[in-house]
Amino acid sequence: MIGAGETWSVLYRSYASISENSPRQIQILRDYSDLVKRCGITGYLHREDEVLFQWFEGPKASVSMMLDLIRCHGSHHGLMIYGNKLQTQRVFSAWSHGSTTTNGVSLFNWANEISKPLHPNSGSALIDFLKTASGQRG
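Remember, it's a predicted structure, so these values are computed and weren't measured experimentally.

A few words on the side chain of Ser 14. Topologically, Ser 14 is positioned in strand β1 (residues 7-16). For Ser 14, the side chain forms a polar contact with the side chain of His 76, separated by 3.0 Å. Discounting residues that sit within four places of it in the chain, Ser 14 has contacts with Glu 50, Val 51, Leu 52, His 76, His 77, Gly 78 and Leu 79.

Structure follows, in structure tokens:
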């Protein structure tokens, strides 16, 4: 049985259905930020043009609820989950939720610069990128 104090995580990719920096996207990000704070979720979101990569972590019930919201929300589609698992510790514990876009750092440029393959079924490179984009080491 999973205890309330344990941390679960999800890593996924999806495609944005709304324009970057549109009023709708800005409102969705504000609402999302408020929700994750209330639910004990931490994580990181990167938008690479129209592709979204996100890692979020927290209590199992909150993570499950967030994943259900993402599946049902009309702001993106084509959800591909790379991982949904129990974590021994949080990866992004320094803030409630951080984010970047291609304007700040590009996943594909990063992978090319360090010769890291971006295999479709491997989330480890994505997690490494999100850590780099957030300024974390390791």
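The computed volume of the largest pocket comes to approximately 390 Å³. Surrounding the largest pocket, 19 residues form its lining, Ile 28, Tyr 32, His 73, Ser 75 and His 76 being those nearest its centre. At the level of elements, β1, α1 (23-39), β2 (42-48), β3 (51-58) and α2 (60-72) are the ones that each hand at least two residues to the lining of the largest pocket. In terms of residue count, α1 provides more of the lining of the largest pocket than any other element does, 6 residues in total.

This part takes up the packing of α1 against α2. Running from amino to carboxyl end, α1 crosses α2 at an angle of 160°, the nearest separation of the two axes being 10 Å. Classified by the angle between their axes, α1 and α2 sit roughly antiparallel to one another. Like other packed secondary-structure pairs, α1 and α2 cross with a definite hand, here right-handed. When α1 is examined against α2, the residues Tyr 32, Leu 35, Val 36 and Cys 39 are found in contact with a partner set consisting of Ser 62, Met 65, Met 66 and Leu 69. Residue composition of the contact of α1 with α2, by class: 7 nonpolar, 1 polar and no charged.

Time to look at unusual backbone geometry. With the exception of glycine, the majority of residues adopt a negative phi angle, and the majority of peptide bonds are in the trans configuration. The backbone phi angle of Asn 21 is positive, close to 65°, even though this residue is not glycine. Position of Asn 21 among the secondary structure elements: in the loop between β1 and α1. Overall, the relative accessible area of 55% leaves Asn 21 in the exposed class. Unlike most non-glycine residues, Asp 49 shows phi in positive territory, near 60°.

By the criterion of burial, helix α4 (residues 124-134) is predominantly enclosed, with 8 of the 11 residues buried. Of all the residues in α4, the buried ones are Ala 125, Leu 126, Ile 127, Phe 129, Leu 130, Lys 131, Ala 133 and Ser 134. Where α4 is buried, its residues meet β1, β2, β3, β4 (76-87), β5 (98-101) and α3 (107-113). At the exit of α4 stands Gly 135, carrying a positive phi of roughly 95°.

On to the side chain of Ser 9. Topologically, Ser 9 is positioned in strand β1. When near neighbours in sequence (up to four residues on either side) are disregarded, Ser 9 contacts Trp 55, Phe 56, Glu 57, Gly 83, Asn 84, Lys 85 and Gln 87.

Cut-offs and rules
- Here the residue numbers are simple positions, counted from 1 along each chain's written sequence.
- With pLDDT at 70 or above as the cut-off, local features in this predicted model cover only qualifying residues; side-chain atom pairs require 80 or more to be listed or tallied, and sums for whole chains, interfaces and linings still use all residues.
- Note that the side-chain values use all heavy atoms of the structure and ignore hydrogens as well as water.
- Runs of E in the DSSP output that reach at least two residues are strands. Runs of H or I that reach at least four are helices, and both are numbered from the N terminus.
- Any N or O atom pair separated by 3.5 Å or less is treated as a polar contact, with the protein-specific requirement of one donor-capable and one acceptor-capable atom, and with residues adjacent in sequence counted only for side-chain atom pairs.
- Between two residues, a contact is recorded if the distance between any of their heavy atoms is within 4.5 Å.
- Definitions used for this entry: grid spacing 1 Å over protein atoms alone; cavity, a set of points where a 1.4 Å probe fits but cannot get out; pocket, an open set with protein on both sides within 12 Å along at least 5 of 7 lines; lining residue, one with an atom within 4 Å of a point.
- Grid points are joined across faces, edges and corners, and a volume is the space filled by probe spheres set on the points.
- Here an axis means a line fitted to C-alpha atoms, over the contact stretch when the element is a helix, while the angle between two N-to-C directions is reported on a 0 to 180 degree scale.
- Note that the term roughly parallel is reserved for angles under 35 degrees, roughly antiparallel for angles over 145, roughly perpendicular for angles of 65 to 115, and oblique for everything else.
- Note on convention: near helix rotated counterclockwise from far helix by under a right angle means a left-handed crossing. Clockwise means right-handed.
- Residue classes follow a fixed rule: Ala, Val, Leu, Ile, Met, Phe, Trp, Tyr, Cys and Pro count as nonpolar, while Asp, Glu, Lys and Arg count as charged, and any other residue, Gly among them, counts as polar.
- Exposure is judged per residue with a 1.4 Å probe applied to protein chains only, and the accessible area is read against the type maximum: over 50% gives exposed, under 20% gives buried, and values in between give partly exposed.

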